[in-house]
Amino acid sequence: MTPERAPVRVNLPCLPLPETLYGTNMNPFYSLIHKVVRRKATSSSRESLIFTAPSLKMKCNDQTKSMKKNLLFWFLLFLPVAGASGQYQFNGNCRNGWVLLFDLKFDEARQLMQKELSIRPTNYYALYLEQTIDAWALYINPEEKAYEAFLDNYDKKRKTMDGRYEDSPYYLMCKSEMDLQAGLFRVLNGSLLGGANKLYKGYKEVHKNLKLYPDFAPSRMIDGFFNCALSNLPPFVKGVASLFSVSSDFDKGWETLEDVYRQQEHIRGINAGSALFLIFVAKINKTPEIVYDLTQNYDTSFRELFMPQFFKANIEYRTGHNEQALGTLATLHRGNGPEAEFLYNYMTGKALLRKLDPEAGNYIQQFLKDLHEEDYFREMTYALALVHLLRGDREKYHDLCREVIEKGDDIIERDREALYDASLDYEPDIALVKTRLLLDGGYLQRAGKNISDYEAHPRPALPYKLEYHFLKGRYALASGDTTAAIRYFQWVLQNGRDEKYLFASEAALRLGEIYEKQKNYPLAYQYYKTSTDLYKSSYYEYIGSKAEKGEERVKELMKR
């Protein structure tokens, strides 16, 4: 049930933005980032400027804890921003530390920060970056001992940094980001109240900075992040946020982040992070198509780094460009460490499955072997179950479905989707499974052949009829036959609206998208509302999320 999304283009040109910030003249190099820079240093050296910004951070993958984990990865990505105050130096070592981090060379990055601190023990930016390196490593491969060590090191770093240069906007900036990291890890490890308090503390620190320094660009960027993130919280987390009187505006946040990317696109050491920031926000907003062009036009200075390439493949995978994704995955530097191999196996196994390649099973099995947590266990175990189903091994398929039901976590969105699929009260038809996977991957011709295979031997039970008509609608829409697509989706809605399956709700969502594209807003609104009304589930959250947003969007369009 992976969604097809109508393309929404975002303009991301690199525009030179000369002039000044705080009335301070800047050379051409820093004019590109003048909105995120406050330069007080008199030196013109690009390798030894004194900075005070911590970096921007963020997180990647899907909602509730998925959402919590996505928020964490965003916070892990806050980029270095140029400026000057106190003992926060973003010099050549720190710039190269970010490059190593984005390439998943954690050990080399740590060694470089130790070298920097041995030369400049009071460079608090290096302390901040050192924690961020540990946070990335812990996120990718979480272990209890590493989590405890992370919190211990966080406390030690804060004791070193607190009380020094507190009148600097950069002090609050670094403090807020480190608090956000620590808070999110606490939430992920079960300390919900303590973690939430730490997160809110970081949030308040950002806005305290904005109140003291309204034009301080680094805080504006994190505020932009909050606007995007909070606009996409699931209902449970929104309820918690409302207790703290937290509000959000996605469009405002996106505009800020897009502006930052334009300013920093060609600045080595920070451009990869600003690009990833946009990518993760698009993913959490469930609109990966809006950054597809961005990933195809990376700046040459970070094109080959592991994380930008990995998320380029991820966006290609999620937007139906599966063959492109496999090509991008083939370029990844898998020898950068166990984390790189781990992520490579995850994406490659999923992409090969969409191509119906039997080699998918090898990558999925290796991923599961290396998995040290419950997150993604259900998703990848069900993917392995499908590999066996496609081979005709129904017994192994059902054995693995039982594992999905009995083991693992149900917090990550992809895990809940797998739990839903493994718990269905009917065995999937192989021809329809192949059709769905191929449509998800953009293999239209092969998908059509598998639909024909099913039509030669159709099944009479209603679930199969609903899935068949839904996939026929998707195939017709992808083939450019909108009239036929409407007819198939309407059949699904009419015959499945009283059933417990999600086909009818998603069919209504697709109809809403079709009529919105045709600018028939009243009808689009009707179908979006129908989808929202029918969606009574915690599975396949994109259906409810996109329908609700579509309903609100066309309601506003009808007022104009």
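Residues numbered from 1 in each chain as written. Predicted model: local features only at pLDDT ≥ 70, side-chain atom pairs only at ≥ 80, totals over all residues. Heavy atoms only, no water.

### Notes on the overall build of the protein chain
Moving on, step 1. The helix and strand inventory of the protein chain stands at 27 helices and two strands.
Moving on, step 2. When the 560 residues of the protein chain are sorted by exposure, 61% land in the buried category.
Moving on, step 3. Of all intrachain contacts in the protein chain linking residues separated by at least 6 positions in sequence, the fraction that spans at least 24 positions is 66%.
Moving on, step 4. Surface exposure of the protein chain reaches about 22300 Å², of which carbon and sulfur atoms provide 50%. (Helix = DSSP H or I, 4+ residues; strand = E, 2+ residues; numbered from the N terminus. Buried < 20%, exposed > 50% of the residue type's maximum accessible area, 1.4 Å probe, protein only. Contact = heavy atoms within 4.5 Å. Areas by Shrake-Rupley, 256 points an atom, 1.4 Å probe, with all protein chains shown as cover.)

### Concerning the pattern of salt bridges
Moving on, step 1. In this structure the tally under the stated criterion is 30 salt bridges.
Moving on, step 2. Here Glu316 makes a salt bridge to Lys312, at a shortest N to O gap of 2.7 Å. With Glu316 and Lys312 both in helix H14 (residues 306-318) and four residues apart, this pair spans about one turn of that helix.
Moving on, step 3. Classification of Glu316 as buried rests on a relative accessible area of 1%.
Moving on, step 4. Taken together, the shared-partner salt bridges in this structure form one network comprising Asp107, Arg110 and Asp134. (Salt bridge = Lys/Arg side-chain N within 4 Å of Asp/Glu carboxyl O.)

### Thoughts on helix H8 (residues 192-212)
Moving on, step 1. Over its 21 residues, H8 extends 30 Å from the first C-alpha to the last, a length consistent with the 30 Å expected when each residue adds 1.5 Å.
Moving on, step 2. For H8, the complete set of buried residues consists of Gly195, Ala196, Lys198, Leu199, Gly202, Tyr203, Glu205, Val206, Asn209 and Leu210. (Expected span 1.5 Å × (residues − 1).)

### Quick look at the nonpolar core
Moving on, step 1. Leu104, Leu129, Trp254, Val291 and Tyr382 are the most contacted members of the largest nonpolar core, which totals 164 residues.
Moving on, step 2. For this core, the element with the most residues is helix H5 (residues 124-140), which contributes 13 residues. (Core = buried A, V, L, I, M, F, W, Y, C linked by side-chain atoms within 4.5 Å.)

### Quick word on the environment of Tyr521
Moving on, step 1. Locating Tyr521 in the fold gives a position in helix H26 (residues 521-534).
Moving on, step 2. Separated by 32 residues in sequence, Tyr521 and Arg553 have C-alpha atoms that sit 9.5 Å apart.

### Observations concerning helix H16 (residues 338-354)
Moving on, step 1. With 17 residues, H16 extends 25 Å between its outermost C-alpha atoms, agreeing within 8% with the 24 Å of an ideal straight helix rising 1.5 Å per residue.
Moving on, step 2. For H16, the tally of buried residues reaches 15 of 17 residues, placing the bulk of the element in the interior.
Moving on, step 3. Looking one or two residues beyond H16, the residue adopting positive phi is Leu356, at roughly 65°.

### Re the side chain of Gln131
Moving on, step 1. Along the chain, Gln131 turns up in helix H5.
Moving on, step 2. Judged by relative accessible area, which is 2%, Gln131 ranks as buried.
Moving on, step 3. Setting aside residues up to four positions removed in sequence, Gln131 forms contacts with Phe150, Tyr154, Lys157, Met178 and Gln181.

### Topic: a negative patch on the surface
Moving on, step 1. On the surface, a cluster of negative charge is contributed by Glu144, Glu148, Asp152 and Asp155.
Moving on, step 2. As for its position among the elements, Asp155 is in helix H6 (residues 144-161).
Moving on, step 3. On the basis of relative accessible area, Asp155 is assigned to the partly exposed category, the value being 35%. (Patch = residues over 30% accessible without salt bridge, like charges linked within 9 Å, V, L, I, M, F, W, Y side chains within 5 Å. Lys, Arg positive; Asp, Glu negative; His and termini not counted. Charge placed at Lys NZ, Arg CZ, Asp CG, Glu CD.)

### Thoughts on the environment of Tyr125
Moving on, step 1. Here Tyr125 is to be found in helix H5.
Moving on, step 2. Between the C-alpha atoms of Tyr125 and Tyr170, which are 45 residues apart in sequence, the distance is 9.4 Å.
Moving on, step 3. Reaching out from Tyr125, the side chain makes a polar contact with the side chain of Trp98 at a distance of 2.8 Å. (Polar contact = N/O pair within 3.5 Å; in protein donor to acceptor, adjacent residues only side chain to side chain.)

### Considerations on the confidence of the model for the protein chain
Reading predicted coordinates in detail is not appropriate for stretches of low pLDDT.
Moving on, step 1. Averaged over all residues, the pLDDT of the protein chain equals 81, while 82% of them reach at least 70.
Moving on, step 2. Contacts from residues 1-65, a stretch scored under 50 in pLDDT, to residues over four places away or in other chains number 250 contacts.
Moving on, step 3. Per-residue pLDDT stays below 50 along residues 73-86; that stretch engages in 112 contacts with residues further than four places along the chain or on separate chains. (pLDDT = per-residue confidence, 0-100.)

### What to know about the packing of aromatic side chains
Two aromatic rings are characterised by how far apart their centres lie and by the angle between their planes.
Moving on, step 1. In total, this model carries 26 aromatic pairs according to the counting rule given.
Moving on, step 2. Arranged with centres 5.7 Å apart and planes meeting at 85°, the rings of Tyr420 and Tyr540 form a pair that is edge-to-face. Residue Tyr420 is found in helix H20 (residues 413-422), and its partner Tyr540 is found in the loop between H26 and helix H27 (541-559); the two are separated by 120 residues along the sequence.
Moving on, step 3. Here a set of aromatic residues connected by ring pairs shows up, and it is made of Tyr426, Tyr464, Phe470, Phe489, Tyr501 and Phe503. (Phe/Tyr/Trp six-rings, centres within 6.5 Å; stacked < 30°, edge-to-face > 60°.)

### Some words on the packing of H16 against helix H18 (residues 377-390)
Moving on, step 1. Put simply, H16 and H18 touch, their axes get as near as 11 Å, and they point 35° apart. Regarding H16 and H18, the two cross each other, and that crossing is left-handed. Each of Tyr346, Lys350 and Leu353 in H16 lies in contact with H18, whose residues at this interface are Glu379, Met380, Ala383, Leu386, Val387 and Leu390. (Axes fitted to C-alpha atoms, helices over the stretch in contact; angles between N-to-C directions. Left-handed = near helix turned anticlockwise from the far one by under 90°.)

### Some details on unusual backbone geometry
Moving on, step 1. Look at Lys286: it is not a glycine, yet its phi comes out positive at around 60°.
Moving on, step 2. Although it is not a glycine, Tyr540 sits at a positive phi angle of roughly 45°.

### Regarding the packing of H5 against helix H7 (residues 169-188)
Moving on, step 1. In the contact formed by H5 and H7, the axes pass within 11 Å of each other and the chain directions differ by 20°. Taken together, the axes of H5 and H7 are roughly parallel relative to one another. In the crossing of H5 with H7, the sense of the turn from one axis to the other is left-handed. Along the contact surface, H5 presents Tyr128, Gln131, Thr132, Ala135, Leu138 and Tyr139, while H7 presents Cys174, Glu177, Met178, Gln181 and Phe185.
Moving on, step 2. Its residues assigned to classes, the contact of H5 with H7 shows seven nonpolar, three polar and one charged. (Parallel < 35°, antiparallel > 145°, perpendicular 65-115°, else oblique. Nonpolar A, V, L, I, M, F, W, Y, C, P; charged D, E, K, R; others polar.)

### Considering the environment of Pro288
Moving on, step 1. Along the polypeptide, Pro288 turns up in the loop between helix H12 (271-284) and helix H13 (292-296).
Moving on, step 2. Remark: the alpha-carbon pair of Pro288 and Leu278, spanning 10 residues in sequence, is separated by 9.7 Å.

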